[in-house]
Amino acid sequence: IREGSDSLLGRVQATDPDEPNTPNSEVTFSIVGGTGMGVFDVNITSGYIMPISQLDFETDNRTVYNLTVQASDNGDPTMSSNRTYTIQVVDVDDNVPLFLNRTYDFDVEENGDPNAFIGRVEALDLDPHNRSIGYGFSEVVTEFRINSTSGEIFANNTVFN
């Protein structure tokens, strides 16, 4: 299941060979065990499985769940069988990169090297599988250039005086 999804995960199905349209052949479903108890729900009659709430790959304590589903008939005595399913949460790029500092202040040397190193900005992305961050200026800047992968800022053939 994709992180953040609160939609249908899948469906479990079971049949009972007892006489059709009797309590002995009516099958109902329930979750009876596994690490997915309280995280997923199964519709008692259709067998559709859905997360109870959206799952978050970065903040939930686990990314793989086991879910034991029981299929029971309504006969007397009740007959049932269990099956365990494994559900893996897949990470999606759902976090924006965040700069390590709220603001960055750099000094520029007067009459210095026209291609001088000015400083470095740094950001992190909380998505463990989507950590490639690109740097750039939000508007046109001709006096400086930024390395798109390192965040290093340089003078752009400019002498400041």
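(A) Quick peek at the sheet that holds strand β4 (residues 48-51). Taken together, three strands build an open sheet; the order of strands is β1-β4-β3 and the sheet is antiparallel. Among the strands making up the open sheet, the edge pair consists of β1 (10-11) and β3 (40-42). Two strands pair when backbone bridges link them, and β1 and β4 are joined in this way by two bridges, in the antiparallel orientation. When the bridges of β4 are listed, Arg11 appears paired with Tyr48.

(B) Structural view of the environment of Val69. Positionally, Val69 belongs in strand β5 (residues 64-73). The class of Val69 is buried, set by a relative accessible area of 4%. The sequence separation of Val69 and Phe117 amounts to 48 residues, and the corresponding C-alpha distance is 61 Å. Excluding residues within four positions of it along the chain, Val69 makes contact with Val12, Phe29, Ser30, Ile31, Ile49, Ser81, Asn82, Arg83 and Tyr85.

The rules behind each value
Residues numbered from 1 in each chain as written. Predicted model: local features only at pLDDT ≥ 70, side-chain atom pairs only at ≥ 80, totals over all residues. Heavy atoms only, no water. Pairing = 2+ DSSP bridges. Helix = DSSP H or I, 4+ residues; strand = E, 2+ residues; numbered from the N terminus. Buried < 20%, exposed > 50% of the residue type's maximum accessible area, 1.4 Å probe, protein only. Contact = heavy atoms within 4.5 Å.

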